[in-house]
Amino acid sequence: MCSTMSLLVLLSIIGCVELITVSTPHKYVNVTRGRDVLLPCTFVTSAPDTKNLNIMWDFVATSSVIPKQVYYYLSGTVDIATSYEGRVQPPFSPATTKNASIIIRNIQPSDTGVYSCQVHNLPDVEGVSEADIFVLVFETPSTPYCSVHGDVESGHLVTLTCHSEHGSPPPTYTWIRLDQAKTRRPVMGRTTDTGILEIRNISQFEFGEYQCNATNGEGFSTCTLELNHDVGDGVIAGAVIGALLGCVLILLVVWFIAHTLKKHKYKAVKASEGNEMMSSTQAPEASDSVTMATTPSNLHVEGDGPKA
């Protein structure tokens, strides 16, 4: 590196400095996600040959300040960055065509940023050796997520939010209200471009269907929600009724079990009392039979005595 700089300084001093001009017809390029994009770059050199031709493409993302190498060419040797392998198509024979353009395939939102085409051809060290192109990747907003915050009742503050996870450039959001005939009506509340709609002191007039549109230069997506306090009350009432029915069912099951146990216990007690009564009845009957059996015999003995 030091030897190269020393050579450049020496060439500048002795006045043998050539000029090079790098240019691009498009400073800004817009492309849709998933498509291929051509980044044009040509150069003119006053050097007698291009055996020392050096081409380098760098990229700086919009979310970063650190350049990342995309493509490198030096005297016929080509090097493509690992993250761009299979996606970058290098220029064909740039030394003879004076064309340093590249093609990036399957462009993604993360590819949005500034691409720099730098060309050097020693002894060309002065002139315009760099051209920048800003690439903006368009992506249709993904279906936004709509949600309601607050009590949807008359007199309350209700906030509606809307947000798309994906979309490039970042989408803007607008809210509209639809009547029963699906006719658009203006919303009564404070809205922001970030998808927030605040309705203070909501009234019956403001109940109904609301639609959020997420829009950017590539397209738009929508989501809808319903603001109706009757629906909310119905859900609450249904939950309360369901809970009550559940309690009643549990009570019925408990009562049935208790009643069945009580019935079985009652039958067992009755059966025990019946057995005891049968036992007590048989005992007197046996005693009476013994008495009846012995009485005639005794009488007979007593009668025979005098006769003897």
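Scroll up to find the structure this text is about.
I will try to describe carefully the structure that is included in this document. (Residues numbered from 1 in each chain as written. Predicted model: local features only at pLDDT ≥ 70, side-chain atom pairs only at ≥ 80, totals over all residues. Heavy atoms only, no water.)

**What to know about the overall build of the protein chain**
Here's step 1: Across its full length, the protein chain carries three helices and 20 strands.
Here's step 2: Taken across its 308 residues, the protein chain has 30% of its residues classed as buried.
Here's step 3: A separation threshold of at least 6 residues defines the contact pool for the protein chain, and within that pool the share at least 24 residues apart is 60%.
Here's step 4: Per element, the accessible surface of the protein chain, about 19400 Å² overall, is 62% carbon and sulfur. (Helix = DSSP H or I, 4+ residues; strand = E, 2+ residues; numbered from the N terminus. Buried < 20%, exposed > 50% of the residue type's maximum accessible area, 1.4 Å probe, protein only. Contact = heavy atoms within 4.5 Å. Areas by Shrake-Rupley, 256 points an atom, 1.4 Å probe, with all protein chains shown as cover.)

**Points about the nonpolar core**
Here's step 1: Counting residues in each nonpolar core, the largest one holds 31 residues, and the members touching the most others are Leu39, Ile55, Trp57, Val70, Tyr115 and Val119.
Here's step 2: Elements that contribute at least two residues to this core include exactly strand 1 (18-23), strand 2 (28-32), strand 3 (37-39), strand 5 (53-61), strand 6 (68-74), strand 9 (102-104), strand 10 (113-121) and strand 12 (130-138).
Here's step 3: Here this core takes five residues from strand 5, the largest share from any one element. (Core = buried A, V, L, I, M, F, W, Y, C linked by side-chain atoms within 4.5 Å.)

**Some details on the sheet that holds strand 3**
Here's step 1: With respect to topology, three strands assemble into an open sheet ordered 3-9-8, the strand pairing being antiparallel. Two strands lie at the open edges of the sheet, namely strand 3 and strand 8 (88-89), each paired on one side alone.
Here's step 2: As paired elements, strand 3 and strand 9 share three bridges and run antiparallel to each other. Across the sheet, valine 37 pairs through a bridge with isoleucine 104, a residue of strand 9. (Pairing = 2+ DSSP bridges.)

**Considering the environment of histidine 120**
Here's step 1: Position of histidine 120 relative to the elements: it lies in strand 10.
Here's step 2: According to the relative accessible area criterion, histidine 120 is partly exposed, its value standing at 33%.
Here's step 3: In this view, histidine 120 contacts Ile20, Asn52, Leu53, Asn54 and Ser129; residues no more than four positions away in its chain are not counted.

**A closer look at the pattern of salt bridges**
Here's step 1: Under the counting rule described, the total for this entry stands at four salt bridges.
Here's step 2: Of the charged contacts in the structure, one is a salt bridge between arginine 105 and aspartate 36, with a shortest N-O distance of 3.2 Å. In this pair, arginine 105 is assigned in the loop between strand 9 and strand 10 and aspartate 36 in the loop between strand 2 and strand 3, connecting sequence segments 69 residues apart.
Here's step 3: Residue classification places aspartate 36 among the partly exposed positions, given a relative accessible area of 44%.
Here's step 4: Here aspartate 111 ties to arginine 87 by a salt bridge, and the two come within 2.5 Å at their closest N and O atoms. Separated by 24 residues along the polypeptide, aspartate 111 in the loop between strand 9 and strand 10 and arginine 87 in the loop between strand 7 (77-80) and strand 8 bring together distant segments of the chain. The pair formed by aspartate 111 and arginine 87 is uniform in burial state, with each residue classed as buried. (Salt bridge = Lys/Arg side-chain N within 4 Å of Asp/Glu carboxyl O.)

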